[in-house]
Amino acid sequence: MRTGTGFLLHDGLVLTAAHVVPRDTAAFVRLRPSSGLLKCEVVWRRYDSPAGTGVDAALLRIGDDTFDAPRQPVRWGKVVTAAPCPVVATGFPVAMELRLRGRLEYRDAAQIRGELLPSSRVKAGRYEISVTTPVPVPVGSRSADTSRWAGMSGAGVCADGALVAIVAADSDAGGAGLTAIPVTTLLADPAFRRLVGDISLEPVELAALIERAPALPRSPIGLLRAEHAAVRFRGRDDLVASLRAWADDERGIDVMLVTAPAGSGKTRLAHELVRALRQVGWCAGFLDALCRPDLIGVVAESIEPVLLVVDYAETRVDQLRALIHLMEQLADRALSPIRLLLLARGAGEWWSALRSATRLLRVRPMEDVISLPDLLPDYASRVAAFRAAVTELAGGIAVLPGSDGVDVEPIDIDRLPLDRPEFVRALPVQMAALAAVLQRRTPVEIAAGATDEEVLLRHEERFWADTAAVHRIAHLHPNTLRQLVTVATLCPVVSSADATNLLRKLALLKGETANVLTAAAAWLRDLYGADGRYWDALVPDALGEYLVGTVEVDFGGLLDDLAEHVSGEQAVQMLTVLCRASERFPALSDRIVRYVLGRPRPMAFAAIAVTARGEHRIPCHALNLLVTMPALDAALVDDLLQATPSHTISLAEWAVSAATRLVDMRVAGTADDGHRLASAGDALQHLAFRLAETGRHDQALTHAVEMVRLRREAVARFGATPDGLVEALLSYGARLAAVGQLERAVRAGGEAIALCRSDDLWTDQVRLSAALHHYAIWLHESGRCDEAERAGGAAVRARAELARQDERYRAELANSSTNYAYYLQDVGRPEEGLPYALNAVDTYQLLVREAPDTYTVTFGRALINLARLLAGLDRVDEALDRAAEAVRVCRQLLREDTANPRAELVVALANYGRRLAAVKRFDDAIQALEEAEELTRKLAVAGPDRAQSRLTAIQNDLRILRRLVSSG
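This one's a predicted model, so the numbers in the text were calculated from it and none came from an experiment.

Asker: How would you explain the overall build of the protein chain if you had to name every residue and give the values?
Answerer: The secondary structure content of the protein chain amounts to 34 helices and 20 strands. Principal-axis analysis of the C-alpha atoms places the extent of the protein chain at approximately 105 × 70 × 65 Å. Looking at the protein chain residue by residue over its 968 residues, the buried ones come to 52%. Contacts in the protein chain between residues far apart in sequence, at least 24 positions, make up 69% of those at least 6 positions apart. Just so you have it, the protein chain exposes about 41,800 Å², and 51% of that area is on carbon and sulfur atoms. With 111 positive and 124 negative side-chain charges, the protein chain shows a separation of 2 Å between the mean positions of the two kinds.

Asker: With reference to specific residues and values, describe the environment of L326.
Answerer: Along the chain, L326 turns up in helix α5 (residues 317–330). When its relative accessible area of 23% is taken as the criterion, L326 is described as partly exposed. Once residues lying within four places of it in the same chain are set aside, the contact partners of L326 are P293, D294 and I296.

Asker: Pulling in residues and values, what's your account of helix α21 (residues 652–667)?
Answerer: Between the first and last C-alpha of α21 there are 22 Å, a value that for 16 residues agrees with the 22 Å anticipated at 1.5 Å per step. Restricting attention to buried positions, one finds in α21 the residues A652, W654, A655, V656, A658, A659, R661, L662, V663 and R666. Those residues of α21 hidden inside the fold are in contact with α18 (600–612), α19 (618–626), α20 (634–643) and α22 (674–693).

Asker: Kindly report on the pattern of salt bridges, identifying the contributing residues and their values.
Answerer: In total, this model carries 46 salt bridges according to the counting rule given. Among the ionic pairs, R321 bridges to D318, the shortest N-O distance being 3.2 Å. Separated by 3 residues within a single helix, R321 and D318 lie in helix α5, roughly one turn from each other. Residue class for R321 comes out buried when judged on its relative accessible area of 14%.

Asker: Outline the nonpolar core, listing residues and values.
Answerer: Formed by 161 residues in total, the largest nonpolar core has its most connected members in L503, W523, W535 and W654. For W654, the residues in contact, after removing those within four places along its chain, are I608, C620, L623, N624, V627, L640, L641 and T644. Counting residues in each nonpolar core, the second largest holds 42 residues, with V841, F859, L870 and L916 among its members.

Asker: With reference to specific residues and values, describe the sheet that holds strand β5 (residues 56–62).
Answerer: Taking strand neighbours across the sheet as the criterion, the 5 strands line up as β1-β2-β5-β4-β3 in an open arrangement whose pairing is antiparallel. Bordering the open sheet on either side are β1 (7–8) and β3 (27–29), each of which pairs with just one other strand. As paired elements, strand β2 (residues 13–16) and β5 share 4 bridges and run antiparallel to each other. Note that in β5 the partner of L15 across the bridge is L59.

Asker: I'd like a description of unusual backbone geometry, backed by residues and values.
Answerer: Residue S49 is joined to P50 through a cis peptide bond whose omega torsion reads 0°. Summarising the element assignment, P50 is placed in the loop between β4 (38–47) and β5. The step from R601 to P602 runs through a cis peptide bond, and the omega angle for that step is 15°. The phi dihedral of Y312 falls on the positive side, at around 55°, and the residue is not glycine. Inspection of the secondary structure puts Y312 in the loop between β18 (306–310) and α5. Non-glycine residue D874 carries a positive phi angle of around 65°. When you line up the elements, D874 lands in the loop between α30 (852–872) and α31 (876–891).

Asker: Which residues make up the packing of helix α26 (residues 765–781) against helix α27 (residues 785–805), and what are the values?
Answerer: Here α26 crosses α27 at 155°, and the two axes come no closer than 8 Å. Classed by the angle they form, the pair α26 and α27 counts as roughly antiparallel. α26 and α27 meet at a crossing whose hand is left-handed. Side by side, α26 and α27 meet where Q765, V766, S769, A770, L772, H773, Y775, A776, L779 and H780 of the first sit next to C785, E787, A788, A791, G792, A794, A795, A798, R799 and L802 of the second. Tallied by class, the residues present in the contact of α26 with α27 amount to 13 nonpolar, 5 polar and 2 charged.

Asker: Just give me the short version of the packing of aromatic side chains, but keep the residues and values in it.
Answerer: Counted by the stated rule, this structure contains 7 aromatic pairs. Where Y546 meets F585, the ring centres are 5.6 Å apart and the plane angle is 65°; that geometry is what we call edge-to-face. Taken as a pair, Y546 in helix α14 (residues 541–554) and F585 in the loop between α16 (568–581) and α17 (587–598) lie far apart in primary sequence, 39 residues in all. Y546 gets classed as buried once you look at its relative accessible area, which sits at 9%. Take F585: its relative accessible area is 14%, and that puts it in the buried class. The rings of W44, W76 and F192 are connected pair by pair, giving a single aromatic cluster.

Asker: Give a detailed account of the UniProt feature "domain: Novel STAND NTPase" (unreviewed entry) in the protein chain, specifying residues and quantitative values.
Answerer: UniProt's entry tags residues 229–352 with the feature "domain: Novel STAND NTPase" (unreviewed entry), counted in the numbering of this structure. Within the segment residues 229–352, helix and strand shares are 35% and 19% respectively, and the terminal C-alpha atoms sit 33 Å apart.

Asker: How would you sum up the sheet that holds strand β17 (residues 283–286)? Please name residues and give values.
Answerer: The sheet built from 5 strands is open, its strands ordered β17-β18-β19-β16-β20 with parallel pairing. The open sheet has two edge strands with one neighbour each: β17 and β20 (370–371). Pairing of strand β16 (residues 253–259) with strand β19 (residues 338–344) involves 7 bridges; the strand directions are parallel. Each bridged residue has a counterpart across the sheet, and for I253 the counterpart in β19 is I338. Against the sheet, helix α3 (residues 237–247) touches β16, β18, β19 and β20, its axis set at about 140° to β19.

Asker: Give me the lowdown on the packing of helix α11 (residues 478–490) against α14, citing residues and values where you can.
Answerer: At a minimum axis distance of 10 Å, the contact between α11 and α14 shows a crossing angle of 125°. Here α11 is positioned oblique relative to α14, judged by the angle of their axes. Handedness of the α11/α14 crossing: left-handed. Of α14, the residues touching α11 (which contributes R482, V485, T486, T489 and L490) are G544, L547, V548, T550 and V551. Class assignment of the residues belonging to the contact of α11 with α14 gives a composition of 5 nonpolar, 4 polar and 1 charged.

Asker: A description of the pairing of β2 should follow, citing residues and the corresponding values.
Answerer: Burial of the side chains of β2 extends over both faces: L13 and L15 are buried on one face and V14 and T16 on the other. Here β1 pairs with β2 via 2 bridges, running antiparallel. In the sheet register, L8 faces β2, and the bridge partner there is V14. The turn linking β1 back onto β2 is made up of 4 residues, and D11 within it adopts a positive phi angle of 55°.

Asker: Give a detailed account of the side chain of T500, specifying residues and quantitative values.
Answerer: With respect to the helices and strands, T500 occurs in helix α12 (residues 496–505). When sequence neighbours within four positions are dropped, the list of residues in contact with T500 reads L517, T518 and A521.

Asker: Which residues make up the confidence of the model for the protein chain, and what are the values?
Answerer: Looking at the protein chain as a whole, its pLDDT mean stands at 88, while 92% of the residues score no less than 70. For the protein chain, per-element mean pLDDT is lowest for helix α34 (residues 945–966), which scores 65, and highest for α11, which scores 97. Low confidence marks residues 895–900, where pLDDT is under 50. Its contacts with residues over four positions away, or in another chain, come to 11 contacts.

Asker: Please give an account of empty space enclosed by the protein that cites residues and values.
Answerer: Per the stated rule, a full pass over the model turns up 3 cavities of 30 Å³ or more. Reported here for the largest cavity is a volume of approximately 50 Å³. Surrounding the largest cavity, R75, E202, P203, L206, A207, I210, E211 and R212 form its lining. Residues of the lining of the largest cavity, tallied by class, amount to 4 nonpolar, no polar and 4 charged.

Asker: Could you give an account of the environment of G36, naming the residues involved and the relevant values?
Answerer: As for its placement among the helices and strands, G36 is situated in the loop between β3 and β4. G36 sits in the partly exposed class, given a relative accessible area of 45%. With residues near it in sequence (within four places) discarded, G36 still touches V29 and R30.

Basis of the calculations
- Residues numbered from 1 in each chain as written.
- Predicted model: local features only at pLDDT ≥ 70, side-chain atom pairs only at ≥ 80, totals over all residues.
- Heavy atoms only, no water.
- Helix = DSSP H or I, 4+ residues; strand = E, 2+ residues; numbered from the N terminus.
- Buried < 20%, exposed > 50% of the residue type's maximum accessible area, 1.4 Å probe, protein only.
- Contact = heavy atoms within 4.5 Å.
- Areas by Shrake-Rupley, 256 points an atom, 1.4 Å probe, with all protein chains shown as cover.
- Lys, Arg positive; Asp, Glu negative; His and termini not counted.
- Charge placed at Lys NZ, Arg CZ, Asp CG, Glu CD.
- Expected span 1.5 Å × (residues − 1).
- Salt bridge = Lys/Arg side-chain N within 4 Å of Asp/Glu carboxyl O.
- Core = buried A, V, L, I, M, F, W, Y, C linked by side-chain atoms within 4.5 Å.
- Pairing = 2+ DSSP bridges.
- Axes fitted to C-alpha atoms, helices over the stretch in contact; angles between N-to-C directions.
- Parallel < 35°, antiparallel > 145°, perpendicular 65-115°, else oblique.
- Left-handed = near helix turned anticlockwise from the far one by under 90°.
- Nonpolar A, V, L, I, M, F, W, Y, C, P; charged D, E, K, R; others polar.
- Phe/Tyr/Trp six-rings, centres within 6.5 Å; stacked < 30°, edge-to-face > 60°.
- UniProt positions renumbered as here; feature names shortened; annotations may be inferred.
- pLDDT = per-residue confidence, 0-100.
- 1 Å grid on protein atoms, 1.4 Å probe; cavity = no way out; pocket = protein on both sides within 12 Å on 5 of 7 lines; lining within 4 Å.
- Points joined across faces, edges and corners; volume = space filled by probe spheres on them.

Written out as structure tokens, the structure is:
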């Protein structure tokens, strides 16, 4: 009799080595040391020759009626890099036998650890495993030449919990090596695959990046999760094919965004793409929301192409920015293509910010986004989808734990309001189908006209009650359980301690023991599982949002209580869910406002984060009310302004209001207080900047004048050092230049330089370099090019010295360098300017990744200047490429309010049009210049003289080009 090890799969299948079960013999398995033998049928067997190469494996099927197959499926994996991979295997080697007086008492299990070496035994079609766990030499009556590994054959080899191979033989008589057969080889055998079914392989080296598949559903609501695919995928096969074509494109690294409202099927579409690509060898999966960006580097080592899906992309901008930057760095050394698929409810301001922050996205057209069309546009398609969902969800319910099957009677579709607009999406139809099936099977009492969401939640309460009893919290009222699930939906936590501490603070469980609090936290954790977090929200999102809305109606005190205790990230999640739920429960809008006003730290900061995504306006309304409150802390307003992006669309007007309020608070009472004068000057500088950002340059100048007056007074009356006055003068000069008062700007710059060279500030090279930099700009714009070149050179030298001492001054050096290159070109020395321009662009490409709001504008200007310089050196093709990139960068800065375009885009378009004309692409040039003309007209209406002169230059260029085109 031969003895070996097997690995239990699903449906009673056992995987083992072929040499353990010779052909045409009976086979038996023992699942536990204390269990009896179960008879098996050998349903597949393959033993390649010569021995020690190829496949040595068999599949057995347990035929014993007493066997109860495990419900959770085995995870299958594959090794996708050439690096050694840690593995573990458990088997029954002969060395673990205990014999007394020659009689076998038992054979114990041995868990071995080691490293799988993918690059060894490649020609043999096997893996080499270097074993690090010692195994004793066989003892007793065994033959001296008996391998200590005898009996280990057939053991499953797992990496990070996924089955990647099975042990075949020992490769080292000393016990330090084994060989194993990859499961990828087994799955390549059609007969084997038919028996094990549709297997999805996880890339084990990417386990830290990719979300684990959730546990099988334990309640009916779990069937609605996209991952479980309880309802067959329909209607978007052409889109899956299109995404597969995108994945197969020759580009090494690429990103795609798919947008649609909640419940439209974005996540399900992505799961279908993941499944399809895994079947053809891709490493594909959903990126874990808690994955650290520094772990991403492993994707470059994958020998197979990689697809990472990022769900809820609009809430993960920081992670995405870091991820895409790393992908850009990996582009040159990636062994295989890398694709990033983003899913979001819309392409709002978050998408514009992300595009401007990453070169990979900037080179793509803004409109290069897939917006999902309605899946079920007409009544007939909804009826068909509903009927299919009823049948398939009924089948899913039948295999849930504790289910005794379900026979669904025909459902009267005429009574269902499938003509309502929300039923154009898949999820509402499936929720309606599930509610109908559950009510036919085990009806609950509901009010007339109850929504599908309410029906589903009433049924889910049974599951909550059953599982609460398991956790010994059955004494908690159903309404308490409902509120606890709401807590998990609104407030993510990452540890048991965090969960228990949050529940302890809430009045909901006041008076309960510590054991109950711990049990309640564990109950929430086990309800729906979580990957990376301690507990998970109720999903689908629409159901979680409905739950929150109903709790607001029935138990509003819970939300008030939560708002008093959430931390920063929890506050963002809470406001996000409340905003989404407010679409159906408008009363939540008042609560959102109340929470922001009542606890601005952290709620107002969360409101800024949510508003910046461009998804909801309620938090911005709350912020607007906040800055009008009589009793408002100036430090809070200052901190909120610091947390607001420098260049923002959705928060631009609020930032002006907040800066105005800060000025009002800080200017009052400055007459006899030097510190207050300085603070008021800072506030006015904030306001002038925010006004300029919204195109109100005249107002910005008015406040800049007052800012300078206060700074002068602080120096004259209170002996303040002139550093604040230098900053005020430079800000004042920028405001003057913006309205075309260049000579006054030059004088302001000259005064700032003189102050920097005074006894008080002569050692302050930072301020001197800034003053020289701006002074050179205003000289150049005034037509004083020689003076500008000299001042610009001095600024570059000063900032180069600063950057050598501290790399934080790289940005300032890049800014001065790109300007200096321009000045050199204008004085007839363009070849000297080119190295400065190239270095500036290279620096900005790095900096804009770190802080796009700060550096995108100057990056665009650097590209424009480089394009001009290249054109002046007759490198027209390079100039055109850089000009086109400048347009793409500056277009990100265009305001949604088209009456207030960014001047940078006008300059970029005009420059691009001239570069197009230089290569005789006249029609394209005219199109670019016409757009620049239209935008410049709007700027000119606002008043600055510079816009008027720019408009005249553009119109002259257009007249020349149109004559060229008309003359042929």
